[in-house]
Amino acid sequence: MAFNHLPAGVHDALGPLSVTPVTHSMPMAKNHRSDRSTADTASRPSPSTVLDRLASGPSRASRITHTEHLPPREGRHAVWPDRIRPEVIAAVQAAGIEHPWAHQARVAEHALDGESVIVATGTASGKSLAYLAPVLTALLEGSEAPNGRGATALYLAPTKALAADQRRSVKELSQPLGNAVRPAVYDGDTPFEEREWVRQYANYVLTNPDMLHHGILPSHPRWSSFLRALRYVVIDECHTYRGVFGSHVAQVLRRLRRLCARYGASPVFLLASATAAEPSVAARRLTGLPVAEVADDASPRGELVFALWEPPLTELHGEKGAPVRRTATAETADLLTDLTVQGMRSISFVRSRRGAELIALIAQERLAEIDHSLARRVAAYRGGYLPEERRALEAALHSGELLGLAATTALELGVDISGLDAVVISGYPGTRASLWQQAGRAGRSGEGALAILVARDDPLDTFLVHHPEALFDQPVESTVLDPDNPYVLAPHLCAAASEIPLTDEDLELFGPAAAGLLPQLEAAKLLRRRATGWHWTRRERAVDLTDIRGGGGSPVQVVEAGTGRLLGTVDEGAAHTAVHEGAVHLHQGRTYLVRKLDLEDSVALVEEASPPYSTVARDTTTIAVLETDVEVPWGDGRLCYGSVEVTNQVVSFLRRRVITGEVLGETKLDLPPRTLRTRAVWWTVTEDQLDAARINPEILGGTLHAAEHASIGMLPLFATCDRWDIGGVSVPLHPDTLLPTVFVYDGHPGGAGFAERAFHTARSWLTATRQAIASCECDAGCPSCIQSPKCGNGNDPLHKRGAVRLLTELLRAAPEEPAPEESGQKESGQPESGPKKPRPR
């Protein structure tokens, strides 16, 4: 079997893949069924045995830095509250569920009492049934009303695929209830001829926040009968609503509550989340309502063996001669190959579509060398596939026809793929919540499972595989969002005013910052004050002022030059780095080169190509302090939080060879500078502190620069962000502080809550940063500690040992982490760091 469409140089770059040879002691793959018999289960090797086989190859055992064994857990049953209709209980029993788990019954009790509630339990713990039992009861009772529409429910999912999957589940579960439950998906893919039926007849509408923002709320008079009868709003996978996107969703929900009140309804909110830190606090921040919490997971779980895996160093060298590790892509392809040979049904989660395709292709090629029939049992799964293609892959994996999938996070949320044996996570997914969500995809039928985290060449990944307590002894992260961000709030005030004129009584709903923004919106001629309230003044739709998933501004359209076909859009804020001239742009598994970026018309012209490299933009950044909100002494130095203005200019881009990361060349660019007003945390050091740390002027710039890079790389351990959501600047003498200063700022207008979280966890955050640098085995710095893939200065200068000494001196005088009330900050729904509860299960 030949795979000539692999990117050029892949085979040479990967080197020999250490595929475990097939022997008689290793069972060959067979057509396993998801409902395995007792004999099948008894013959399956344990997760520990499977891991031992994976580690048996040359130098393999040394790649495992830690193994965590999570013991099995018995389930705890309860009884449904007596207010759940017997017909609903019978339908649940007909689906094979005789009794609910204790947490499901508690959620139903809160819902029936009219209390908003969040269920924050592990993957496959039955969260859907917890909220569906009271929802179906309400819909059944509503169907008996004289007009047949006495109650409705709204379901919100972060993705269309999850909403569609939930509709199928609801339809199957409610089939015995006849026409009492009428579920329907209402999103951008719903045909226009079906939309009127949904508005008039559906009583359980499944949609997403985007459609609620753009379609339902602006057309609320057409939805009046639905909103008037709205009893429940289900918000599924609510931990995904974080940062700027989560802040937008929070304001969309406030607009929904306002319109419901106008029609006489006060719906109860039912939220479902992966295990989260203080879930009720995050849910209150999202909805603006008090929310009860159910986080005691009563569902059973099989044994989970969780291994941390670090690829070895290679003979290759990167920037400044730094050593380069074997890629997580190559290691994951190895492991997926070996697991397939062992007959284990497995998924490897990959951060990019291109990576998913590449891992599947490499595994197929290696398997073909062993047995041609095995190569057909591995595939890729990612966004961009047609729905029928995705469903076919899910069915093939479920039945055992497929043994291995290399998937993007499209499979992380909600899609039922029970009965897997192993999960390989290629690179830390950014949050502990996502890590446990992905690991929980294996062993969903209560059997034992294996999970492996393969570290990328990255400071955070390297730190985690050598500090397992950061994963296994810490609660998952706080959900960080800031609904009061003026760049988020302002367009939603306009949207609310266009729906119903805003009154003074409405302002409390939208938060304390709303009153101060209204005069500014009036000065901009967006709103006008009249006797009845604040009115929207323009002809265009107010909801089009913002894209709730973007960072503001008009998106740049990506157009195929030869055909004029619109491929998609890129957020305006990311256009300079993502679609500059010469950039490699990926879209639905295809690779394009950007031939021209027209900033005036917001268009990027691209042509399909297959370059053997990726591109990384280089930029220069300056930063000015606008206002210091909080200042805390750290010895002679200071830790500060406040508002800044960042000026950034993309000046060039690097071409990096696929897989190895080898730099092939740099090309200059001529793009205009851009400014960003946002929030930042920064720290300063004095001459005395520099002397104590033995930092002379020759190494000061590299010392600060190294500390900045590593701290950016480590922040996702403390806030629900990705390193690409934040930026940094280090200056040996900053004009506003008059001291050596390191800034870390939110990469979104007005801030996203990440810098605030960094301020509140600064001692833990910078301690972990110091440990990550000090424990790295390189001599002078590498991508695993202080080099950054997005550095605008080509990772020069950097001084590893200086950064360790300076952070040691800085932390010597660090106070306890400030609580929000001590720092003068408003309560932000973010707990202090440190273990608050047992490790996630």
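Residues numbered from 1 in each chain as written. Predicted model: local features only at pLDDT ≥ 70, side-chain atom pairs only at ≥ 80, totals over all residues. Heavy atoms only, no water.

Peer 1: Which residues make up the environment of Q93, and what are the values?
Peer 2: Turning to its location among the elements, Q93 is positioned in helix α4 (residues 86-94). Q93 sits in the partly exposed class, given a relative accessible area of 33%. With 80 residues separating them along the chain, Q93 and L173 place their C-alpha atoms 9.6 Å apart. (Helix = DSSP H or I, 4+ residues; strand = E, 2+ residues; numbered from the N terminus. Buried < 20%, exposed > 50% of the residue type's maximum accessible area, 1.4 Å probe, protein only.)

Peer 1: Tell me what's going on with the pattern of salt bridges, and back it up with residues and numbers.
Peer 2: Pairing between side chains of opposite charge can happen when the charged atoms of each approach one another. Tallied over the full model, the rule gives 32 salt bridges. For R60, the salt bridge identified is with D338, shortest N-O distance 3.1 Å. Remark: D338 occurs in helix α13 (residues 328-341) and R60 occurs in the loop between α3 (47-54) and β1 (64-70); sequence separation between them is 278 residues. Both residues of the pair, R60 and D338, count as buried. Here R366 ties to E369 by a salt bridge, and the two come within 3.5 Å at their closest N and O atoms. Here R366 and its partner E369 are both found in helix α14 (residues 353-370), 3 residues apart, which amounts to about one turn of the helix. (Salt bridge = Lys/Arg side-chain N within 4 Å of Asp/Glu carboxyl O.)

Peer 1: Requested: an account of the state of the cysteines, with residues and values cited.
Peer 2: Per the counting criterion, the structure on display carries 0 disulfides. This cysteine, C776, is not joined by any disulfide, and C782 carries the nearest cysteine sulfur, 3.5 Å off. C776 gets classed as buried once you look at its relative accessible area, which sits at 8%. (Disulfide = S-S within 2.5 Å.)

Peer 1: Quick one: what's the story with the packing of aromatic side chains, residue by residue and with numbers?
Peer 2: Enumeration according to the criterion identifies 11 aromatic pairs in this entry. With centroids separated by 5.5 Å and ring planes inclined at 65°, the aromatic side chains of Y241 and F245 adopt a geometry described as edge-to-face. Residue Y241 shares its accessibility class with F245, and that shared class is buried. Summarising the aromatic geometry, the rings of F306 and W436 are spaced 5.6 Å apart at their centres and angled 70° between planes, so their arrangement reads as edge-to-face. On the criterion of sequence distance, the pair formed by F306 in strand β9 (residues 304-309) and W436 in helix α17 (residues 432-439) is long-range, its members being 130 residues apart. An identical accessibility class is assigned to F306 and W436; each is buried. Connected via pairs of aromatic rings, a cluster forms that spans Y131, Y155 and Y204. Here the guanidinium or amino end of R195 rests over the ring plane of Y186, the centre of that ring lying 5.6 Å away. (Phe/Tyr/Trp six-rings, centres within 6.5 Å; stacked < 30°, edge-to-face > 60°. Lys NZ or Arg CZ within 6 Å of the ring centre and 35° of its normal.)

Peer 1: Now, about the sheet that holds β1: what can you tell me, with residues and values included?
Peer 2: Ordered in space as β1-β9-β16-β15-β12-β14-β13, the 7 strands form an open sheet in which the pairing is mixed. Only two strands of the sheet have a single partner each, and these edge strands are β1 and β13 (378-381). The sheet shows a mean angle of 15° between the axes of neighbouring strands, direction not considered. Across 4 bridges, the pairing between strand β12 (residues 346-349) and strand β15 (residues 422-426) is parallel. Counterpart to S346 in the pairing with β15 is A422. (Pairing = 2+ DSSP bridges. Axes fitted to C-alpha atoms, helices over the stretch in contact; angles between N-to-C directions.)

Peer 1: Could you give me a rundown of the sheet that holds strand β8 (residues 292-294), with the residues and numbers involved?
Peer 2: Read from one edge to the other, the open sheet built from 7 strands follows the order β4-β5-β3-β6-β7-β2-β8, with strand pairing classed as parallel. Each end of this open sheet is capped by a strand with a single partner; those strands are β4 (183-185) and β8. In this sheet, neighbouring strand axes are inclined to one another by 15° on average, regardless of whether the strands run parallel or antiparallel. Packed onto the sheet, helix α11 (residues 243-262) meets β3 (152-156), β6 (230-235) and β7 (268-273) and runs at close to 175° relative to β6. (Contact = heavy atoms within 4.5 Å.)

Peer 1: Summarise the pairing of strand β22 (residues 590-598); cite the residues concerned and give the values.
Peer 2: Two elements, β22 and strand β23 (residues 603-608), share 6 bridges in a ladder whose sense is antiparallel. Across the sheet, the residue bridging to V594 is V606, located in β23. Adjacent in sequence and paired antiparallel, β22 and β23 are bridged by 4 residues, among which S602 carries a positive phi angle near 55°.

Peer 1: I'd like to hear about helix α12 (residues 279-287), residue by residue, with values.
Peer 2: Across the 9 residues of α12, 8 count as buried, placing the element largely inside the fold. Buried within α12 are the following residues: P279, S280, V281, A282, A283, R285, L286 and T287. Residues of α12 that are buried sit in contact with β2 (117-120), β6, α11, β7 and β8.

Peer 1: How would you summarise helix α27 (residues 762-775) if you had to cite specific residues and measurements?
Peer 2: Taking 1.5 Å per residue as the helical rise, α27 with its 14 residues ought to reach 20 Å, and the 20 Å between its terminal C-alpha atoms agrees with that figure. Those residues of α27 that sit buried are A762, W765, L766, A768, T769, A772 and I773. The arc enclosing the buried residues of α27, seen along the axis, measures out at 155°, which places them on a common side. (Expected span 1.5 Å × (residues − 1). Arc of directions from axis to C-beta.)

Interpretation note: all reported values are geometric properties and have no functional meaning in isolation.
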